[in-house]
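Spelled out from the first residue to the last, the chains are:
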Amino acid sequence: MSFLPYAVAAWLFVVGLYGIVTSRHLVHLAVCLTVVQSSTYLILLSSGYVRHGSAPIYADIPPVATAVDPVVQALTLTDIVVESTITALLLALAVQAMKRFGSVDPTALRQLRG
Amino acid sequence: MSPRGRLMLFLPSAAGLLFLLIDALRRLPGFGHYPGPYGFVLNGVGVTERHATNLVTAVNFDYRAFDTLGEEFILFTATTAVVLILRHIRGEDERGTARREGASNALRGVALAFVAGLIVLGGYVVAHGALTPGGGFQGGVILACGAFVVFLAGEAVAMKRVAPEQLLEFADAAGAAGFALLGVGGLVFAGVFLQNFLDLGKPGSLNSAGTILLVSIAIGIEVTGAFLLIWTEFLDQALLVRSGGSEGE
């Protein structure tokens, strides 16, 4: 049971990759990349989890209370911010691909035209 | 390569990757058995050292502030790239687009109530980042939603008036520069880049934790500007297509 979060993370990673490889639409491809990235959130958060620990926010718990690792939580926040901006960038590229080539199917974008 | 051939190549490789991943993850400490020591050390000293009760914010905006500076510039660069990519071919077809059809007065009234609530909530989350869950990134997104609700109520033109692009660009840049300048302030007043150089105050009060509050506000401004800028650019594209732009369809 204690391996379950890691197993889910590994599964999300591979399923996202499957989506990227078989994708027929650039927006779908960007969403699949976020699935791959969500596995990293899960690995980060579960590697810092302490059994029976509360959130590392000492506003309303005693100073000696057991809390989970705040470093990996901060890293996850960084991860989410980077993911959202990269997704925006990829979607902008998808919009331009549609305008320039008239298609959002990655397999149809094989030839580069000036 | 044909889609079928690609899948034939992918499936065995994915099976191998999954096997290696699971084998590697099995060797990590079990779920719930965090070995430390960084988390435990920070949980022990964070509140007394920085007078911040939300240690995630303390890590982001103080202990690991240099990394967050890099992250902030990733956000800044990506936003600039989105603006550049989407602005490239605009211009030839940018006639004034009227507001979207079908927005009733009831919808506009509800949206107005949401705008006020979202802006208060966003400001609260930004300002209390050092105390309770929140901070500049989270609060900034809520603040950006405040202006976005104006668009959702059908007032695409009004959103441009509430949040003109030049103001958004300025907020994006000023927030990024503010964080960097706070770092320089640490260099000047405490001798170390991004060192917390202000009075730490009483833990749990709003003006505690020194520069963490200021960094949170700077990031809040940047994130608000960046997200609204990204959304504005995408909305311009959508309106272009909807108003019968020559390209796209």
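The structure displayed is predicted, hence computed values, not measured ones. (Residues numbered from 1 in each chain as written. Chains lettered and ligands numbered in written order. Predicted model: local features only at pLDDT ≥ 70, side-chain atom pairs only at ≥ 80, totals over all residues.)

1. Re the overall build of chain A
And step 1. Regarding its fold elements, chain A presents three helices and zero strands.
And step 2. Secondary structure elements of chain A occur, N-terminal to C-terminal, as α-α-α.
And step 3. For chain A, the C-alpha radius of gyration of 19 Å lies well beyond 13 Å, the compact-globule estimate for 114 residues.
And step 4. Here chain A, with 114 residues, has 28% of them falling under the buried criterion.
And step 5. Counting contacts in chain A only where the partners sit at least 6 residues apart, residues at least 24 apart contribute 52% of the total. (Helix = DSSP H or I, 4+ residues; strand = E, 2+ residues; numbered from the N terminus. Rg over C-alpha atoms; globule rule 2.2 N^0.38 Å. Buried ≥ 20, exposed ≤ 12 C-beta atoms within 10 Å, placed from the backbone. Contact = placed C-beta atoms within 7 Å.)

2. Here we look at the interface of chain A and chain B
And step 1. Tallying the contact residues gives 44 residues for chain A and 48 residues for chain B.
And step 2. For the side of chain A that touches chain B, the secondary-structure elements that each account for two or more residues are helix H1 (4-22), helix H2 (26-47) and helix H3 (70-101) of chain A.
And step 3. When residues of the side of chain A that touches chain B are assigned to their parent elements, the largest contribution, 18 residues, is made by H3(A).
And step 4. Of the residues in the side of chain A that touches chain B, the class split is 32 nonpolar, nine polar and three charged. (Nonpolar A, V, L, I, M, F, W, Y, C, P; charged D, E, K, R; others polar.)

3. Some words on the nonpolar core
All names here are of chain B.
And step 1. Residues Leu55, Ala58, Val59, Ala144, Ile212, Val215 and Leu228 are the most contacted members of the largest nonpolar core, which totals 73 residues.
And step 2. When residues of this core are assigned to their parent elements, the largest contribution, 14 residues, is made by helix H9 (residues 211-242).
And step 3. Ile212 has contacts with Arg50, Ala52, Thr57, Ala58, Phe61, Asp62 and Ala130, leaving out every residue within four places of it along the chain. (Core = buried A, V, L, I, M, F, W, Y, C linked by C-beta atoms within 7 Å.)

4. Comments concerning the confidence of the model for chain B
And step 1. For chain B, the average pLDDT comes to 82, and 89% of its residues sit at 70 or higher.
And step 2. Both confidence scores are given for the complex: pTM 0.83, ipTM 0.84. (pLDDT = per-residue confidence, 0-100.)

5. A short note on the packing of helix H5 (residues 105-127) of chain B against helix H6 (residues 136-152) of chain B
Residue and element names in this part refer to chain B.
And step 1. The N-to-C vectors of H5 and H6 enclose an angle of 170°; their axes lie 7 Å apart at closest approach. One finds that H5 runs roughly antiparallel with respect to H6. Contacts from Ala111, Phe114, Val115, Leu118, Ile119, Leu121, Gly122, Gly123, Val125 and Val126 in H5 reach Gly136, Gln138, Gly139, Gly140, Ile142, Leu143, Cys145, Gly146, Val149, Val150 and Leu152 in H6.
And step 2. Classifying every residue of the contact of H5 with H6 gives 14 nonpolar, seven polar and no charged. (Axes fitted to C-alpha atoms, helices over the stretch in contact; angles between N-to-C directions. Parallel < 35°, antiparallel > 145°, perpendicular 65-115°, else oblique.)

6. Section: helix H4 (residues 65-87) of chain B
And step 1. For H4(B), with 23 residues, the first-to-last C-alpha span of 32 Å sits near the 33 Å given by 1.5 Å per residue.
And step 2. For H4(B), every residue scored as buried is listed here: B:Ala65, B:Thr68, B:Glu71, B:Glu72, B:Leu75, B:Phe76, B:Ala78, B:Thr79, B:Val82, B:Val83 and B:Leu86. (Expected span 1.5 Å × (residues − 1).)

7. Structural notes on H5(B)
And step 1. Its 23 residues place the ends of H5(B) 33 Å apart at the C-alpha level, agreeing with the 33 Å of an ideal helix rising 1.5 Å per residue.
And step 2. Three or more residues of H5(B) are buried, namely B:Gly122, B:Val125 and B:Val126.

8. Concerning the environment of B:Leu118
Residue and element names in this part refer to chain B.
And step 1. Structurally, the position occupied by Leu118 is in helix H5.
And step 2. Judged by local crowding, Leu118 falls into the partly exposed class, with 18 C-beta atoms found within 10 Å.
And step 3. Here the alpha-carbon distance between Leu118 and Leu143, two residues 25 residues apart in the chain, equals 6.3 Å.
And step 4. What Leu118 contacts, discounting residues up to four positions off in sequence, is Ile142, Cys145, Gly146 and Val149.

9. Quick look at unusual backbone geometry
Leave glycine aside and you will find that most residues have negative phi; peptide bonds, for their part, are mostly trans.
And step 1. Positive phi outside glycine occurs at A:His52, with the angle close to 60°.
And step 2. Tracing the backbone shows A:His52 in the loop between H2 and H3.

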